[in-house]
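Each chain is listed here by its residues.
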Amino acid sequence: MMKFYWVMCCLFPFLAGAQQGNLTGLVQTTQSGALPHMSVYLENTDFATTTDETGQYLLENIPYGTYSLVFQLIGYRKVTKTIRVENPGSTENAQMTEVSRVLDEVVVASEKQSPIQQQKAIAISSIDIREVITQNNLLTDIADRIAGVRIRRSSSLGERSDISINGMRGSAVRFYVDGLPMEFLYPSFDISTLPLGTIKRLDVYKGVIPVDVGADAMGGAVNIITEQKAHSHLRASYSMGSFNTHLADFEIGLANTGNFFINANASYHYSDNDYPMYALVFEKNRVEQVRRFHDAYGIVRGCFLRDP
């Protein structure tokens with residue numbers, strides 16, 4: 001009796017293992033074409049797999065019993081079969097029928113940031129740079145379009161701009177870049193020298209300044225919102241004009257799936273500014289049209305940004 005007990009104990013694992021089987025099969029279309037990536041699973045169990053490139057599937061170590069075998073793939077009619085696993089190896093094939101469905105129209109609506117800004121209680125005018133970048137080369141020309149905003153500057157490239165908001169000008173008007181005072185970020189730059197390609201939006205506050213802007217200004221403020229692209233991109237632009245004027249800017253950005261990105265941009269502005277003007281010629285003691293020769297302007301700007 002004791003020997004029989006030990007023999008049964010030794011044979012039990014093998015007997016238990018023999019109560020499991022594998023299920024294989026081929027999934028095809030009605031035209032006998034293989035269907036890869038088809039979901040195949042036993043309903044109400046954890047046994048699931050997908051077909052390979054040839055339409056074959058394999059479910060292993062299934063306990064003996066009766067199951068509902070499901071074949072499912074988007075674009076094909078779902079197939080459910082009742083099967084019984086009672087052998088070490090079983091086969092169950094399936095033929096799928098394609099189903100065509102007409103989906104309802106999907107409309108995605110979203111407001112641009114500029115109208116949203118103008119709906120705030122604070123008096124603000126906003127311009128999306130992408131809408132006007134093909135019509136202007138300088139940021140001052142865009143700001144001069146806003147009602148209540150006037151820009152006074154000479155025709156020389158690089159000349160300091162004097163902005164007036166509802167009659168207030170000078171130190172009463174402040175400039176910001178992404179909410180930070182421009183005189184701290186770019187103390188030697190004027191808004192006319194900032195490349196348009198790196199700017200997303202221009203917000204002009206006429207009076208009260210919101211708390212998210214870094215400082216106060218009695219007459220209003222101009223907040224320059226820059227592009228914050230966290231994806232790989234490459235952009236370059238170049239334009240030229242009278243009096244040997246050249247405006248060029250370049251930007252490159254690299255990003256990976258780990259939320260790490262690097263942005264680098266540079267710009268180059270140059271002009272001889274040798275336009276004709278009327279001036280008093282002392283040698284002749286009379287006013288004549290002369291060409292400026294001492295007002296050339298050139299600047300190179302670069303910026304590097306990375307985020308871990």
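The structure reproduced in this document is the subject of the present report. (Residues numbered from 1 in each chain as written. Predicted model: local features only at pLDDT ≥ 70, side-chain atom pairs only at ≥ 80, totals over all residues. Heavy atoms only, no water.)

**What about the overall build of the protein?**
What counts here: Comment: elements are numbered from the N terminus, with helices defined as DSSP H or I runs of at least four residues and strands as E runs of at least two. Remark: exposure states derive from per-residue accessible area (1.4 Å probe, protein chains only) relative to the maximum for the residue type, with buried under 20%, exposed over 50%, and partly exposed in between. Only the protein chains shown count as cover for residues, with accessible areas throughout obtained via the Shrake-Rupley method and a probe of 1.4 Å.
Within the protein, the regular secondary structure consists of five helices and 22 strands. Counting every position in the protein, which comprises 308 residues, the buried fraction comes to 36%. As displayed, the protein offers around 19,300 Å² of accessible surface, 55% of which is attributable to carbon and sulfur atoms.

**Section: the packing of aromatic side chains**
Short version of the rule: We call Phe, Tyr and Trp rings a pair once their centres come within 6.5 Å, taking the six-membered ring for Trp, and we label the pair stacked below 30 degrees between planes, edge-to-face above 60, and tilted otherwise.
If you walk through the whole model with that rule in mind, you get two aromatic pairs. Between Tyr57 and Phe71 the ring centres are 5.8 Å apart and the planes differ by 75 degrees, which places this aromatic pair in the edge-to-face class. Of this pair, Tyr57 sits in strand 4 (residues 56–63) while Phe71 sits in strand 5 (residues 65–72), and the two are 14 residues apart along the sequence. We note that Tyr57, like Phe71, is buried. Pairing Phe243 with Tyr275 gives two aromatic rings, centres 5.9 Å apart and planes at 65 degrees, and the pair type is edge-to-face. Of the two residues, Phe243 sits in the loop between strand 17 (233–241) and strand 18 (245–255) while Tyr275 sits in the loop between strand 19 (261–271) and strand 20 (276–281), which places them 32 residues apart along the sequence. Phe243 gets classed as partly exposed once you look at its relative accessible area, which sits at 36%. For Tyr275, a relative accessible area of 13% gives the class buried.

**Some remarks on the sheet that holds strand 6 (residues 79–85)**
Our working rule: When DSSP finds at least two bridges between two strands, those strands are taken to pair. Angles shown run from 0 to 180 degrees and are taken between the N-to-C directions of axes, each axis being a line fitted to C-alpha atoms and, for helices, limited to the stretch in contact.
Across the sheet, four strands lie side by side as 3-2-5-6; this open sheet has antiparallel pairing. Edge positions in the sheet fall to strand 3 (48–50) and strand 6, since each of these pairs with one other strand and no more. Averaged over all neighbouring strand pairs, the angle between strand axes comes to 20 degrees, with direction disregarded. In terms of strand pairing, strand 2 (residues 39–42) meets strand 3 through three bridges, oriented antiparallel. Across the sheet, the residue bridging to Tyr41 is Ala48, located in strand 3.

**Observations concerning the side chain of Thr226**
The line we're drawing: Nitrogen and oxygen atoms within 3.5 Å of one another constitute a polar contact, given that in protein one can donate a hydrogen and the other can accept it, and given that sequence-neighbouring residues count only through two side-chain atoms. The criterion used for residue contact is that any of the two residues' heavy atoms lie within 4.5 Å.
Among the secondary structure elements, Thr226 is positioned in strand 16 (residues 220–226). Reaching out from Thr226, the side chain makes a polar contact with the side chain of Asp178 at a distance of 2.6 Å. The residues contacting Thr226, other than those within four sequence positions of it, are Val177, Asp178, Thr198, Ile199 and Lys200.

**So, the pattern of salt bridges**
Let me state the cut-off plainly: Any carboxyl oxygen of Asp or Glu that lies within 4 Å of a side-chain nitrogen of Lys or Arg is treated as forming a salt bridge with it.
For the structure shown, the criterion picks out five salt bridges. A salt bridge links Glu86 to Arg84; its shortest N-O distance comes to 3.2 Å. Here the residues in one salt-bridge network are Lys284, Arg286 and Glu288, joined through shared partners.

**A word on the sheet that holds strand 12 (residues 168–169)**
With respect to topology, three strands assemble into an open sheet ordered 10-11-12, the strand pairing being antiparallel. At either margin of the open sheet sits one strand with a lone partner, and together these are strand 10 (149–152) and strand 12. Bridge count between strand 11 (residues 162–165) and strand 12: two bridges; the pairing is antiparallel. Among the inter-strand pairings, Ser164 is bridged to a residue of strand 12, identified as Arg169.

**Some details on the nonpolar core**
Selection criterion: Buried Ala, Val, Leu, Ile, Met, Phe, Trp, Tyr and Cys residues form a nonpolar core when they are joined through side-chain atoms within 4.5 Å.
Judged by nonpolar contacts, the single largest core of 30 residues is most densely connected at Leu139, Ile163, Leu202, Val222 and Ile224. Core analysis: the next-biggest nonpolar cluster, separate from the first, contains 17 residues, Leu42, Leu59, Ile62 and Met96 among them.

**Details of the pairing of strand 19**
Taking every second residue as pointing to the same face, the buried face of strand 19 carries Phe261, Asn263, Asn265, Ser267, His269 and Ser271, while none of Ile262, Ala264, Ala266, Tyr268 and Tyr270 on the other face is buried. Strand direction decides the pairing type here: strand 18 and strand 19, joined by ten bridges, are antiparallel. The residue bridging Phe250 from the neighbouring strand is Ala266, located in strand 19.

**Points about the pairing of strand 15 (residues 199–205)**
Within strand 15, six of the seven residues are buried, leaving the element largely enclosed by the surrounding structure. Alignment of strand 9 (residues 124–128) against strand 15, held across five bridges, turns out to be antiparallel. Across the sheet, the residue bridging to Ser126 is Asp203, located in strand 15. Taken together, the six bridges between strand 15 and strand 16 define a ladder with antiparallel strand orientation. Bridging across to strand 16, Tyr205 finds its partner in Ala221.

**Here we look at the side chain of Arg292**
By secondary structure assignment, the location of Arg292 is in the loop between strand 21 (286–291) and strand 22 (297–307). Setting aside its immediate chain neighbours within four residues, Arg292 contacts Asn273, Asp274, Tyr275 and Met277.

**Brief notes about the environment of Asp128**
Looking at where Asp128 falls in the secondary structure, it is placed in strand 9. With a relative accessible area of 9%, Asp128 lands in the buried category. C-alpha of Asp128 to C-alpha of Lys200: the two residues are 72 residues apart in sequence and 6.4 Å apart in space.

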